[in-house]
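Here's the letter readout for the chains.
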Amino acid sequence: MSTVYIPALAAFGGSAIGAVSTIVSGWFSGRRRRRERHHARSFTKREQLYHSFIEEASRLYADALVNDQAEIPQLVSLYTLVGRMRILSSNDVVQAAERAGHLIIEAYLSPNRTFVDLPRFIEEMDPLRDFGEACRRELMNLPAH
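Our subject in this report is the structure included herewith. (Residues numbered from 1 in each chain as written. Predicted model: local features only at pLDDT ≥ 70, side-chain atom pairs only at ≥ 80, totals over all residues. Heavy atoms only, no water.)

### Observations regarding helix α4 (residues 129-140)
Taking 1.5 Å of rise per residue, twelve residues should cover 16 Å, and α4 covers 17 Å from first to last C-alpha, within 8% of that figure. Buried within α4 are the following residues: F131, A134, C135, E138 and L139. Along the axis of α4, the buried positions cluster into a sector of 125°, meaning they face one direction only. (Helix = DSSP H or I, 4+ residues; strand = E, 2+ residues; numbered from the N terminus. Expected span 1.5 Å × (residues − 1). Buried < 20%, exposed > 50% of the residue type's maximum accessible area, 1.4 Å probe, protein only. Arc of directions from axis to C-beta.)

Structure representation (structure tokens):
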């Protein structure tokens, strides 16, 4: 082989390696960006779902304390949110949401409460504590990609 070809082959090899490394680097950084966007969307979607559940469950629980008649469409709406959690959330979050739903139903079935009854059932006033803690644990443990 002629010595004239050696520098040309070296230049071509260097260019090829540079091009391949640029392509691979771009592919990896694009993949990382897509993963980060997916993580952010997943986090936001769960956060919104949990927010909706807490608002609806709080409203229903307050209604259940002072009314005997359950708001069936709203209870169905609450359990629709639980169903969505079954798709997106951990078992701990789903179980805590189900327990909160059961507490709301039990509150509808129990005698109505008045403000005078408040000291006796103050501990029961936060039926969403376990749910909130399960949500916080889950959101904090989502992998940060």
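### A closer look at the nonpolar core
Residues Y50, F53, M85, V93, I104 and F131 are the most contacted members of the largest nonpolar core, which totals 27 residues. Of all elements in the fold, only α1 (5-66), α2 (72-88), α3 (91-109) and α4 reach the threshold of two or more residues within this core. Ignoring sequence-local partners within four residues, the contact set of I104 consists of A57, L60, Y61, A64, L75 and L78. (Core = buried A, V, L, I, M, F, W, Y, C linked by side-chain atoms within 4.5 Å. Contact = heavy atoms within 4.5 Å.)

### Thoughts on the side chain of E56
Secondary-structure assignment places E56 in helix α1. Overall, the relative accessible area of 17% leaves E56 in the buried class. In this structure, E56 is in contact with Q74, L78 and L81, ignoring residues within four places of it in sequence.

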